[in-house]
Structures are given as structure tokens and as C-alpha cells.
There are 4 protein chains.
Amino acid sequence: MADRELSFPTAIGTSDPDQIRLLGQDLAADLMGKVGFGELAYWLVAGRRPTPGEVRVFETVLVALADHGFTPTAIAARLTYLSAPESLQGALAAGLLGGGSRFLGVTEDCGRFLADAIAGLTERPTDDAGWDEVARAVVGTARADRRLIPGLGHPVHKVGDPRTPVLIRIADEEGLRGPHLRLFEAIGRVHPAILGRTLPLNGAGVCGAALADLGLPVELLRGFALLARAAGLLGHLAEERRNPIGMDVYRTVDRNTRYLPPDGS
Amino acid sequence: MADRELSFPTAIGTSDPDQIRLLGQDLAADLMGKVGFGELAYWLVAGRRPTPGEVRVFETVLVALADHGFTPTAIAARLTYLSAPESLQGALAAGLLGGGSRFLGVTEDCGRFLADAIAGLTERPTDDAGWDEVARAVVGTARADRRLIPGLGHPVHKVGDPRTPVLIRIADEEGLRGPHLRLFEAIGRVHPAILGRTLPLNGAGVCGAALADLGLPVELLRGFALLARAAGLLGHLAEERRNPIGMDVYRTVDRNTRYLPPDGS
Amino acid sequence: MADRELSFPTAIGTSDPDQIRLLGQDLAADLMGKVGFGELAYWLVAGRRPTPGEVRVFETVLVALADHGFTPTAIAARLTYLSAPESLQGALAAGLLGGGSRFLGVTEDCGRFLADAIAGLTERPTDDAGWDEVARAVVGTARADRRLIPGLGHPVHKVGDPRTPVLIRIADEEGLRGPHLRLFEAIGRVHPAILGRTLPLNGAGVCGAALADLGLPVELLRGFALLARAAGLLGHLAEERRNPIGMDVYRTVDRNTRYLPPDGS
Amino acid sequence: MADRELSFPTAIGTSDPDQIRLLGQDLAADLMGKVGFGELAYWLVAGRRPTPGEVRVFETVLVALADHGFTPTAIAARLTYLSAPESLQGALAAGLLGGGSRFLGVTEDCGRFLADAIAGLTERPTDDAGWDEVARAVVGTARADRRLIPGLGHPVHKVGDPRTPVLIRIADEEGLRGPHLRLFEAIGRVHPAILGRTLPLNGAGVCGAALADLGLPVELLRGFALLARAAGLLGHLAEERRNPIGMDVYRTVDRNTRYLPPDGS
């Protein structure tokens, strides 16, 4: 077959013998040593170079999401490394594959939830009272539909998640406390009266709100949680080399296995 | 079974209702907004906080390795996203799984090659002439064993890889041009006389040398290439949403499929 | 912590120095050489040993789904093998990760769609006329909701998918042409009058219907498509060793890359 | 670019509107209902249709390798399913990614070890005494090189692995007890006198020997272990739906986490 029109367009990377171009820039001359890694990650996804303030908020989010101890994803990565130590990429991939709806999905779900609510507004509030009104409608609808509000509640930090006020403060300092964060804060203020109990605004949720305020596409917010977690997982795998726990996890399960007939009797 | 001694130690993350601790620090009070994402990744793997100079060299490496256009790994990630768009983590993992010996392994292989050579020295050279002597022995041995020297040669940048001098300069500026980089540079100077042809020091190799000079464990250098590539792959997946090429790649292959009997006749 | 009650129950596998037990059977004495691989896979998921007729239908489904040429998932697996040939498990995993909603999901989606429709019936029809009536309601509702009916239509086999009548015949021969297949066939008969065009019942869909009639859990039907595809992907990887195409795919894309500014101009 | 010569050859699958061809056969007319799933998997990898005896030995191997209880890979798959239940393919892939050198690699390593030894023979023995002589040389060399012999020894089945004699008997019944199995058996007979202790021939090893005797490529033997394990992992994931243990594994680790400073003090 003659494929005269074969063409695979990209804005990301191209190269020729003398030059490597990335995002339309000269990688060696214009990017190396001149942009930070977080800045580049933002640029790659957003297709535009972020401002210093945007970089600061973005990196704060990545730091907040990088690790949370022995999560199921960290344990899965360590067990995979135990089984196949020659393939670091496999252990990292196994850990990231747990980055789905339940353990890493809150960031994306919260960003999307807020974005949907904001998209439905005919005009945006200009003060907290206005946002509280929007939040009351949003929380009321969720309650009527028996839907959980993403980003509300935390199994450990039942009173307050320490990440939340810090990220809001930093976004505010950089002039990036936009509609998603404002609506999220308003939900934090109004939900007790509607739901009958007080839940914290959790860290994963506030990160989603902050990323959405940075103009990053809500369909890809999970991707930033995955990037952050990639660093955390590398930390776990480095520690697994120095001070392994994978074999102990395996043995703990293996030694306490009990046969259960398929009919459960 | 009573497991009185069950204990899973970690230096990474722990939390209680009031505080999230990461690397022994208070995540919200001491890390968020105060350490960069690259800095945190370094800290997680090395187990110690890097200096600002180390962070600069480290982030330069991550920027250098983040993307190189439509590599096989980027294409694999895009095809996986085409097939399963609901699972961003799966597409990212598929891309990272190509981070093995052939396409992302040079960084680690080069760092390890240099580290092994340096480990065998009874004393380290103090000037370029001394490193040249070491390099001549190393290149000569590799040639005698018919082994390739990792980091030497590039299919596109046949004369010189533009990333190499930039990274060496930045490491030098930060006082981090250590034995691995010096030996790598010496290999670049001496190999033409021994091998009979002049090959460039490639970007993946110089990144491995620089990471080894940062004191990062050579067994995990591939991990940093994977972290960098995670950002590049997110860029590809974001672009695949805006301007997809996966279906065109698939159709190009599918339309040009030709049946070949198993015996190859 | 004392975990006196640690207990991890399973009906699958346990072992002691003399015996390996699988599904409550003695692996060496009762299973090896006595049950086929497809039979064991069925048993593992269903928790009960299948009848010979069930095995025949089940293996027919696995054969039907094992491969379909250079699909995106097969190409992704081959590109990953090109990049990391030392990790066969990584290449296989990359291929399976494309087993999501668009390319392998139809089997599960169709089984679930039919199961949901059947679950809503107060009584089940006893003849084709009765099933046609149910099908008209189901197709009409889907049309009103502007939802596609999973399993209906195929990009290549526009008139008829050759797999469909064969699987229905085999299920019928084994007395396993149950409500899911009957409703699926009825949809095939009634949809032209409602939708205004005639679409084939596709092979992935009929496999979902057949698996559901075998009593396998609809939430796991995708799993059987993945198991079948694992065999197909191994075939692709074996062929990639003998007669590689991965590098040609990569080069075709790489040589036809065109830089596109991020703003798309 | 005009790619007049674009051509992607394959012996596996092609299709046109009327027919799906797989391995040069008509899928619907010649394969569905006529070849078993194990038979097809063998055919896909070997590129030739196996005999019934070969299928019997092959499926016995797959049954033997399908599962071994709560292995690290099974636990990793369950933890991934816990974290991302919407992506069954991700959980399965995570489990398979542990199919590397330590936990699933013995099958391939043993087949390769035996094949290498046999490739070095000028002529093949015709009786057990002859194979014993070869085995003594092989075991002696491995001992001198301080290399372990793959397939020898087992952490649980210290006296004898119950799978080993069964597989040898079945291969013998089918006339497929070839040089790899004979050498493996000879290693079992002669090693105690050389190594000074008696180790069992383990099940993973005997499977590798049997697969090599079937003429399957030793570089891909790990692939069959992965295919077998895919069925076992689906069984675990089905059970995780019915009777989950993932959350308990996570909690057991999480509750017993102890902070360890990076310097290990």
C-alpha cells in the first residue's frame, strides 16, 4: 500500500542529528538546567509553560500526594519487586496499577465534581456567601441522589486533614485560589448543616481542586497523582532493597492461610 | 496464629489523626511548599535531603530524560489508552513497562559500568591524564571482551549528543563533576584511538554518570529514567486526548498486514 | 501488636510438605492429567467443576477470543517487547492492559447488558416470540436513551460475524443455549425494524452471552477475554522473536512525525 | 512520506468481511469447537498444531503451574484489585508482573539449563547410565562455579515434590519423555553424591523440562508459566470479589508499621 499521507503530528518531541526539540524548545539549550522537573511535567500536559506561582502550587500538590506509607499500592509494588527483582519497571508499574478509583481516584473525582458544578453556573459568585449558596445546592443534590461528595471525609484524619489548609494558603499566596478551591471550601463550611455531621476536606480532594484551578484538564488529574506516586513508589522500592518487608508480608499471609471450601461452609 | 512480633519498619510514611509524617518530617508543616518535587524524589530514594546543587543536577537529568518523541514506549502507551481510555494508570504502566534494557536501560547500564570500573581502582586519578589511563584500560578490556560500552554511540546524534556537554557543565558549576563523569569524559577522549572510530557520549549515558556522581544507588538508576519518562508519557496521553494518533498507528499496521505462513514460505 | 485472629481464608490453594491442594483437590493425584486447562480456569473462577458440555462451550469462547491479528493490544505488546526483551511478563502485561472498555470490553458489556435485562423480567419467555417481545422493549429503551447495544455491529464483518452462528450452534448442542443467548438472538431479529438498519451480532458479544449462560459472574467476563488474549499475545511475542515487526512500526511512526505546535496552528 | 513497501507480516491473524483467519485456518469453521484452548495456545507459540499427546502433556503443565495459593503475585493482584476494582486488567497485569526471576522463573531457567547442557553434547546418551554420566558432569560444573541448579530443591516440599513423578509418568505415557526430562531425572539421581545432600526435583523445574521436550522455545517457557498463572490469578480475583482478604492484608501491614529512621538507628 502507498501511504502518501502518513503523518503523525506531535507537539512534544522531535529530533535531528544536531538538536533535540521538546515542546518546540531546544532541549539542551533552553530546557536543561533552566526548567525544573515539575515545571516540565506541567508544561507537557498543559501544552503551555506555567508561571512560577503555578509551578509552586503544582509541586506542592505533587509533594502532598507522593506517598502515604504502606498503602495497598506500595505493598503490591514491593511484593512484585520481591518476585521479579530484575524488572524495576514491572514493580513500579504494578504499584501504579492500583492508582484507580478507590485509592488514588479521589483527586480526579473531586476535581471533576467541582468542575461539573461550576460548569452549570450561569454566573460565578464573587464572595464566600455566594459560594456557600452554590455549595448548599451541590451538597443538597448529592444527598438527595445518595451520592458521596468526593474529597469529603477521611478514615484517619477525622477532624481535619493537615494538608488542606496548607495547600489553600499556598494557592492563595500565589493568586491561584480559584473557583474550584472556593467551592470546595464552601462545601466544607455548609455540609454539616445539611448532612448532619462534620467531615474534613481531605488532602486528595483539595489537591484535585487546586489542580483544576491551575487549568489542568480534569480528565487527567489522576495522572498527576500517578506521577507523584511514582516518586513515592521509587522510595519504597529503594527501601525494599535496603530493608525489605515483602517477604514478611508474604509469610504473614502464607502462614495464616486457612482453607475455605468454595461454598463457604 | 499469634504474631506477637509482626512489625513492618519504614522510613517513608506514617500517619496519625493529626499528622502525616514523610521521611520523618511533618508533611504539611515542613515539606509542602518547602521542598520541590524533584527534591522529594531524590530524598525518598537516597534517604537524605539533597543540597540545592544536587537538586539542580538531578532535575536537569530528569528534564533530559523526560521524553524523546514517538519512542516505542510512547506509542505503546497511546495504543493502550486507545483500547482502554477509562484506565489512565494502565496506559501509563504500559508505557513504563518498555523501560527495560534496550530503550531506557542505558542510563543504569552506564552508571553501573562506570561504578564497577571505579570500584576496581586502588586509587583514583587526580587529573585528566590519570582518568585517560583508566579509560584506556576500560575501553581496551571491553573491546577484548567484545562488549559494547554503555553510553557510547547514538543512532541519530552521530557526531555529538547536545545533552552531554550541557549536563557536564551544570554538574561542574555545582561542584558535582565526580569520578563517574570524569571517567565517562575520558572514555570519550580515548576511545577513537582504541576502537578506530569516533562515537558520541550519549545523553542517556551522561545522565547515568551524573546520577552515580550524586551518590544515588546504581541499581536504581533505571528508576529515575522511569520517573522522568512518567512525565513524558503523561504529556503523550494528554496529547492523545487532544490530537490522537493511536488509531492511525493501528490502521497503518492493520491495512498493511500480510499473511505469512508459519514456515515463512 | 498481637494478631491472634489473623486468618486469610481461600478456597484456591494450600500446601504442606507432602501435598499441594488446589480447589480442595490433590493437585498431583486428582488434577494433573485429569482436568484440562480450560476446565481448571472455569473451576477456579466459578468455584465448581464444570460439566464436559460447559467446558466445550467455554473453550470455544476462549478460542474465539484468543486473537484478532494486529490489534492495538498486540502492537503494544510487541513494542514493549522490543524495548524490554528481558521481561516477557512486562510485554504480556502491557498487551493485557489494553483489555479495557473499547477493544476487549464488549464481551463483558454484552453479558452484563443481557443479564440486567433478564434480571428485570418477572417471568422468562418460553419461546422465540416471547424473547422477541423482550428484545423489542430492550432495543426500544436503548434507542430512546441513545445508548448503543453492546455486541451489535462490527467494523469489518458488516453483514455477519462468522463466529456468532458457530457458538450458538455449539451451545445448543450442549444444552447450554440459555436466556442470555436467546435474548441476544432475539435482539438480532428485532433490531432492524426499530433502529432502521441491520447490524450483525458480533463475536465478542455472543461470547459474553454464552459465558453468562454458563453461570459465570458477569463482573468477571472481561477476565475470560483477558485469559484468551494472553494466549494470543504469547503467540504474537513468539512471532516477534522469529519475525519482528516492532521496529518497523516504530520507524514508520518516527519517520512520519510532524511537529505540531501545541496550539494546533 | 510515501511508504510504498509498508508491510507487516504475520502468521497469526487476519480477517476480511466474511472470514476470520487464525494461524492460516478459518477460525469459525475449523477452530471453534474443534481445538481446545490449550491446544490453540501451543499452536500459537509453536507455529504448528500439536499432537493429542503433546496437548495432554502441555495441559498437565499448565494445570500444575496455575496456582500455588497466596503467592506474592496473588497478593499483589488482590491488593491492586482492592485499589482499582474497575480495572480487572490492571489487577491481572499486576499479578503477572511478579512472574520474573524469583517466583515464576524456575520453569524457564530449568528448561534453558537443560537445553544448554544438551546442546553441548556430541552425542546423546541412550540409557540412564549414559544420562547419569552427563548429569554428573553438569552438577559437578555447577558446583565448581557455585551456581545453583534450577529446579533442584523446594522450601516446602523438602523430600519430594508431588508434581514431579506425575508429570514424568504422563510424558512417558505419551512417548514424550525426551532428553530434557531424562537429564533432569538423572540430576535427581546423581546430585546427592556430589552435593552431599538430597534435594527434590521441584514441580516448576520438571515443567520446564517437559515443555522443552515438547520442542517449545526455551526463551518463551516463562510465557507458559504466565499463561497458567493468568488462570490462577483470575481465580484469586473471583474469590476476592466473593470473600476479600486484600483489605485485611493492608490493615495487617498498616497497623504494624513502625517508623525506622533512614539511617536504621
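Located above this text is the structure these notes cover.
Residues numbered from 1 in each chain as written. Chains lettered and ligands numbered in written order. Predicted model: local features only at pLDDT ≥ 70, side-chain atom pairs only at ≥ 80, totals over all residues. Heavy atoms only, no water.

Q: Hey, could you run me through the relation of the copies chain D and chain C in this one?
A: A rotation about some axis, followed by a shift along it, carries one copy of the chain onto the other. Overlaying chain D on chain C yields an RMSD of 0.0 Å, the required transformation being a rotation through 180° with an accompanying axial translation of 0.0 Å. The relationship between the two copies is best expressed as a two-fold rotation axis. Identified as the residue of chain D closest to the rotation axis by C-alpha distance is alanine 93 of chain D, at 2.4 Å. (Least-squares fit on C-alpha atoms with pLDDT ≥ 70 in both.)

Q: Looking at this structure, how should I read the interface of chain D and chain C?
A: Quoted interface sizes are often the accessible area lost when the parts come together. Contacts between the two partners involve 85 residues from chain D and, on the opposite side, 86 residues from chain C. Between chain D and chain C, the buried area comes to about 7,100 Å², and carbon and sulfur atoms account for 71% of it. Across the contact surface, chain D and chain C share 2 salt bridges. Across the pair glutamate 219 of chain C and arginine 241 of chain D runs a salt bridge, and its minimum N-O distance is 4.0 Å. Where chain D meets chain C, there are 14 residue pairs in polar contact (both at pLDDT 80 or more). Sort the elements by how many residues they give to the side of chain D that touches chain C and helix 11 (residues 221-242) of chain D lands first, with 16 residues. For the side of chain D that touches chain C, the class distribution of residues is 45 nonpolar, 23 polar and 17 charged. (Contact = heavy atoms within 4.5 Å. Buried area = accessible area lost by both parts, 1.4 Å probe. Salt bridge = Lys/Arg side-chain N within 4 Å of Asp/Glu carboxyl O. Polar contact = N/O pair within 3.5 Å; in protein donor to acceptor, adjacent residues only side chain to side chain. Helix = DSSP H or I, 4+ residues; strand = E, 2+ residues; numbered from the N terminus. Nonpolar A, V, L, I, M, F, W, Y, C, P; charged D, E, K, R; others polar.)

Q: Would you take a moment to explain the sheet that holds strand 3 (residues 19-22) of chain B for this structure?
A: Residue and element names in this part refer to chain B. Spatially, 3 strands are ordered 2-3-4 in an open sheet, and the strand pairing comes out antiparallel. Both edges of this open sheet fall to strand 2 (13-16) and strand 4 (25-26), since each of them pairs with a single strand only. Summarising the sheet, strand 3 and strand 4 pair through 2 bridges and their orientation is antiparallel. Considered in strand 4, the bridge of arginine 21 is made with aspartate 26. (Pairing = 2+ DSSP bridges.)

Q: Mind showing me how you'd approach the packing of aromatic side chains here?
A: How two aromatic rings sit relative to each other is set out by the distance from centre to centre and by the angle between their planes. Summed over the entire model, instances satisfying the criterion amount to 10 aromatic pairs over all chains. Considering the side-chain rings of phenylalanine 37 of chain A and phenylalanine 37 of chain B, the 6.1 Å spacing of their centres and the 15° angle between planes classify their relative orientation as stacked. Separated into two different chains, phenylalanine 37 of chain A in helix 2 (residues 37-46) and phenylalanine 37 of chain B in helix 2 (residues 37-46) make up a pair that spans both. An identical accessibility class is assigned to phenylalanine 37 of chain A and phenylalanine 37 of chain B; each is buried. Ring geometry for phenylalanine 58 of chain D versus phenylalanine 224 of chain D: centroids 5.3 Å apart, planes at 85°, classification edge-to-face. Remark: phenylalanine 224 of chain D occurs in helix 11 and phenylalanine 58 of chain D occurs in helix 3 (residues 52-65); sequence separation between them is 166 residues. Judged by relative accessible area, phenylalanine 58 of chain D falls into the buried class, the value being 0%. Using a relative accessible area of 1% as the deciding quantity, one classes phenylalanine 224 of chain D as buried. In this structure an aromatic cluster arises from ring pairing among Tyr42, Phe58 and Phe224 of chain A. (Phe/Tyr/Trp six-rings, centres within 6.5 Å; stacked < 30°, edge-to-face > 60°. Buried < 20%, exposed > 50% of the residue type's maximum accessible area, 1.4 Å probe, protein only.)

Q: Looking at this structure, I do not really get the environment of arginine 146 of chain A. What am I missing?
A: Relative to the assigned elements, arginine 146 of chain A resides in the loop between helix 7 (128-144) and helix 8 (163-173). According to the relative accessible area criterion, arginine 146 of chain A is exposed, its value standing at 78%.

Q: Help me out: how do you make sense of the interface of chain A and chain B in this one?
A: Between chain A and chain B, the residue contacts involve 85 residues of the former and 85 residues of the latter. Roughly 7,100 Å² of surface becomes buried between chain A and chain B when both sides are summed, with 71% attributable to carbon and sulfur atoms. Connecting chain A to chain B are 2 salt bridges. The tally of links between chain A and chain B comes to 14 residue pairs in polar contact (both at pLDDT 80 or more). The element contributing the most residues to the side of chain A that touches chain B is helix 11 (residues 221-242) of chain A, with 16 residues. Considering only residue class, the side of chain A that touches chain B consists of 45 nonpolar, 23 polar and 17 charged.

Q: Sorry, what's going on with helix 12 (residues 246-255) of chain C here?
A: An α-helix turns once per 3.6 residues; consequently, residues spaced three or four apart project the same way. Along helix 12 of chain C, the residues that are buried comprise Gly246, Val249, Tyr250, Thr252 and Val253 of chain C. The buried residues of helix 12 of chain C all sit within an arc of 160° when viewed along its axis, so they share a single face. (Arc of directions from axis to C-beta.)

Q: Which parts of the structure should I look at to understand the nonpolar core?
A: One recurring pattern in soluble globular proteins is that nonpolar side chains are buried together. Membership of the largest hydrophobic core comes to 164 residues, with the highest contact counts inside it found for Ile187 and Leu227 of chain C together with Ile187 and Leu227 of chain D. Sequence-distant contacts of leucine 227 of chain C, defined by excluding residues within four places in its chain, comprise Phe37, Ala41 and Leu62 of chain C together with Phe37, Leu227, Ala230, Ala231 and Leu234 of chain D. Among the nonpolar cores identified, the runner-up in size contains 163 residues, and Leu92 and Ile168 of chain A together with Cys207 and Leu221 of chain B belong to it. (Core = buried A, V, L, I, M, F, W, Y, C linked by side-chain atoms within 4.5 Å.)

Q: Sorry if this is basic, but what is going on with the pattern of salt bridges here?
A: Oppositely charged side chains can form a pair if their charged atoms are brought close together. Counted under the stated rule, the structure contains 68 salt bridges over all chains. Among the charged side chains, a network of salt bridges with common partners joins Arg56, Arg169, Glu173 and Glu174 of chain A.

Q: Would you explain the sheet that holds strand 2 (residues 13-16) of chain D in this entry?
A: Hydrogen bonds between backbone atoms are what pair the strands of a sheet, whose relative direction is either parallel or antiparallel. Taking strand neighbours across the sheet as the criterion, the 3 strands line up as 2-3-4 (chain D) in an open arrangement whose pairing is antiparallel. One side of each edge strand has no neighbouring strand; the edge strands of this open sheet are strand 2 and strand 4 (25-26) of chain D.

Everything listed here is a matter of coordinates, which is why it stays silent on function.
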